[in-house]
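As a plain string of letters, each chain reads:
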Amino acid sequence: MYEKNATIMKQVGLHARPATFLIQKANEFKSSIWIEKDERRVNAKSLLGVLSLGVAQGATIKIVAEGSDEVEAVDTLCELIESDFAE
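Computed from a prediction, not measured in an experiment: that's the story for all the values here. (Residues numbered from 1 in each chain as written. Predicted model: local features only at pLDDT ≥ 70, side-chain atom pairs only at ≥ 80, totals over all residues. Heavy atoms only, no water.)

Trainee: Help me understand the overall build of the chain, please; the structure alone is not making it clear to me.
Mentor: Regarding its fold elements, the chain presents 3 helices and 4 strands. For the chain, whose C-alpha radius of gyration is 11 Å, the value lies close to the compact-globule estimate of 12 Å for 87 residues. Principal axes of the C-alpha set define a box for the chain whose edges measure 35 × 30 × 20 Å. By the burial criterion, 41% of the 87 residues in the chain qualify as buried. (Helix = DSSP H or I, 4+ residues; strand = E, 2+ residues; numbered from the N terminus. Rg over C-alpha atoms; globule rule 2.2 N^0.38 Å. Buried < 20%, exposed > 50% of the residue type's maximum accessible area, 1.4 Å probe, protein only.)

Dropping the structure here:
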């Protein structure tokens, strides 16, 4: 299991479009990936799960992965967040 924290800087938070980018990227990996915020954990490959967290700008989330490509998955998703979801 590998985990890392990331801070959401996008003005709209982790909502609609940025959440979709995150989920699409998460689905490229074989590992199970979760996002944790305030003691809640959701599947990072589920749009409804991610949106249900209500992550606002400035919030810190934890990305957790377990599987054969867990390190690459977490690092890639953190880089996407740090790039402010640049395509």
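After presenting the structure, the write-up continues.
Trainee: How should the pattern of salt bridges be read in this particular structure?
Mentor: Between side chains of opposite charge, a pair can form as their charged atoms come close. Following the criterion strictly, the structure yields 5 salt bridges and no others. Between K4 and D75 there is a salt bridge whose closest N-O contact spans 3.0 Å. Linking K4 in strand β1 (residues 2-7) with D75 in helix α3 (residues 70-82), this pair joins segments that are 71 residues apart in sequence. Classification of K4 by relative accessible area gives partly exposed; the value is 34%. Here E28 and K25 are joined by a salt bridge, their closest N and O atoms 3.6 Å apart. Residue K25 is classed as partly exposed on the basis of its relative accessible area, which comes to 27%. (Salt bridge = Lys/Arg side-chain N within 4 Å of Asp/Glu carboxyl O.)

Trainee: Where do I start with the sheet that holds strand β4 (residues 60-66) in this structure?
Mentor: Strand pairing in a sheet is mediated by backbone hydrogen bonds. Such pairs are either parallel or antiparallel. Spatially, 4 strands are ordered β1-β4-β2-β3 in an open sheet, and the strand pairing comes out antiparallel. Only two strands of the sheet have a single neighbouring strand rather than two, namely β1 and β3 (40-43). Averaged over all pairs of adjacent strands, the angle between strand axes in this sheet comes to 25°, irrespective of strand direction. Where β1 meets β4, 6 bridges bridge the pair, whose relative direction is antiparallel. Bridged to E3 within β4 is V64. The strands touched by α3 within the sheet are β1, β2 (32-37) and β4, with β1 carrying the most contacts at an inclination of about 0°. (Pairing = 2+ DSSP bridges. Axes fitted to C-alpha atoms, helices over the stretch in contact; angles between N-to-C directions. Contact = heavy atoms within 4.5 Å.)

Trainee: Would you take a moment to explain the side chain of K37 for this structure?
Mentor: Summarising the element assignment, K37 is placed in strand β2. Those residues in contact with K37, other than ones at most four positions away along the chain, are L53, G54, V55, A59, T60 and I61.

Trainee: Sorry, what's going on with the pairing of β3 here?
Mentor: As judged from the 4 bridges shared by β2 and β3, these two strands associate in the antiparallel manner. Following the sheet pairing, E36 is matched in β3 by R41. The turn linking β2 back onto β3 is made up of 2 residues, and D38 within it adopts a positive phi angle of 50°.

Trainee: Whenever I open this one, helix α1 (residues 16-26) confuses me. Can you help?
Mentor: Note on helix geometry: an α-helix contains 3.6 residues per turn, so any two residues three or four positions apart are oriented the same way. Within α1, the full set of buried residues consists of P18, A19, F21, L22, I23 and A26. Elements that come into contact with the buried residues of α1 comprise β2, α2 (47-52) and α3.

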